[in-house]
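Fold and contact review
Next come the chains, spelled out residue by residue.
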Amino acid sequence: DLEKRVKEDKVVVFMKGVPESPMCGFSNAVVKIFEIHGVDFTAHNVLDDEELRQNIKEFSDWPTIPQVYIDGEFVGGCDIMIQMHQDGELINILEKAGVKSLA
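Below is a short write-up of the structure. (Residues numbered from 1 in each chain as written. Predicted model: local features only at pLDDT ≥ 70, side-chain atom pairs only at ≥ 80, totals over all residues. Heavy atoms only, no water.)

Quick word on the overall build of the protein
Note the cut-off: Strands are runs of DSSP state E lasting at least 2 residues, helices are runs of H or I lasting at least 4, and numbering of each runs from the N terminus. It is over C-alpha atoms that the radius of gyration is taken, and the globule rule equals 2.2 Å times the number of residues to the power 0.38. Residue burial is assigned from relative accessible area. The probe radius is 1.4 Å, only protein chains are included, and a residue is buried under 20% of its type maximum, exposed over 50%, and partly exposed in between.
When helices and strands are tallied, the protein shows five helices and six strands. For the protein, the α and β elements follow one another from N to C terminus as α-β-β-β-α-β-α-β-β-α-α. Expected size for 103 residues packed as a compact globule is a radius of gyration near 13 Å; at 12 Å, the protein falls within 12% of this value. Each principal axis of the C-alpha distribution contributes one length, and for the protein these read about 35 × 25 × 20 Å. The buried share among the 103 residues of the protein stands at 41%.

What follows is the structure, encoded as C-alpha cells:
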C-alpha cells in the first residue's frame, strides 16, 4: 500500500536503482543530495516493480522518477530537490520533519 510506504520512514525515495547503485542520473543526484546532508532514507527501486513504477506516478500525480517524500508528504523530483538544496529550503523541510541535516 503506497500510503504506508511513503510514511514508513521520515525520508522515502522512489528511484531507479538503489542508493549504492543508482540506475539514472536523476536518481543519482537525489542520492548525492541526501549524502551531502547526511540523511538516511528508505529507497524503493521502481525498476524491480513495474506496477510500483506506474502506481507511484498516479499516487503523487507526478510523471517522473525519482520521487521524494519527507514526513509522508510528496516533495518533488530531482529538479525540485536540487533547487531546495541550493536555496537552503531542504534543511528547513528536513528540520520540520525532525531530521537533522549536516549541510
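A look at the environment of Q86
Within the fold, Q86 resides in helix 4 (residues 78–87). For Q86, a relative accessible area of 64% corresponds to the exposed category. Considered as a pair, Q86 and I33 are 53 residues apart in the sequence and their alpha carbons are 9.8 Å apart.

Focus: the nonpolar core
Rules: Residues enter a nonpolar core if they are buried and are Ala, Val, Leu, Ile, Met, Phe, Trp, Tyr or Cys, with the set joined through side-chain atoms within 4.5 Å. Whether two residues are in contact is decided by their heavy atoms, any of which lying within 4.5 Å being enough.
Judged by nonpolar contacts, the single largest core of 19 residues is most densely connected at V11, V13, F34, V68, I70, M81 and L94. It is helix 2 (residues 25–37) that contributes the most residues to this core, four residues altogether. Excluding anything up to four places from it in sequence, F34 contacts V11, V13, V39, F41, V68, M81 and L94. The next biggest cluster of nonpolar side chains, apart from the first, holds nine residues, and it includes L2, V6, F14 and I65.

Here's the deal with helix 4
Using the following cut-off: Relevant arc is that of directions from the helix axis to the C-beta atoms, nothing else.
Of all the residues in helix 4, the buried ones are C78, M81 and M84. Burial along helix 4 is one-sided: seen end-on, the buried residues are contained in an arc of 130°. Looking at helix 4, the residues exposed on the side facing more than 90 degrees away from the buried face are D79, Q83 and Q86. Where helix 4 is buried, its residues contact helix 2, strand 5 (67–70), strand 6 (73–76) and helix 5 (89–96).

As for the sheet that holds strand 4 (residues 42–45)
Counted only if it meets this: Strand pairing is assigned whenever DSSP identifies at least 2 bridges connecting the two strands. Lines are fitted to the C-alpha atoms to define the axes, a helix being fitted only along its stretch in contact, and any angle between axes, read from their N-to-C directions, falls within 0 to 180 degrees.
Here four strands make up an open sheet; going across it, the order is 4-1-5-6 and the pairing mixed. A single partner strand is all that each edge strand has here, and the edge strands are strand 4 and strand 6. Averaged over all neighbouring strand pairs, the angle between strand axes comes to 25°, with direction disregarded. With respect to the sheet, helix 2 is in contact with strand 1 (11–15) and strand 5, its orientation differing from that of strand 1 by roughly 160°. Across the sheet, helix 3 (residues 50–60) lies against strand 1, strand 4, strand 5 and strand 6, angled at about 60° from strand 5, the strand it touches most.

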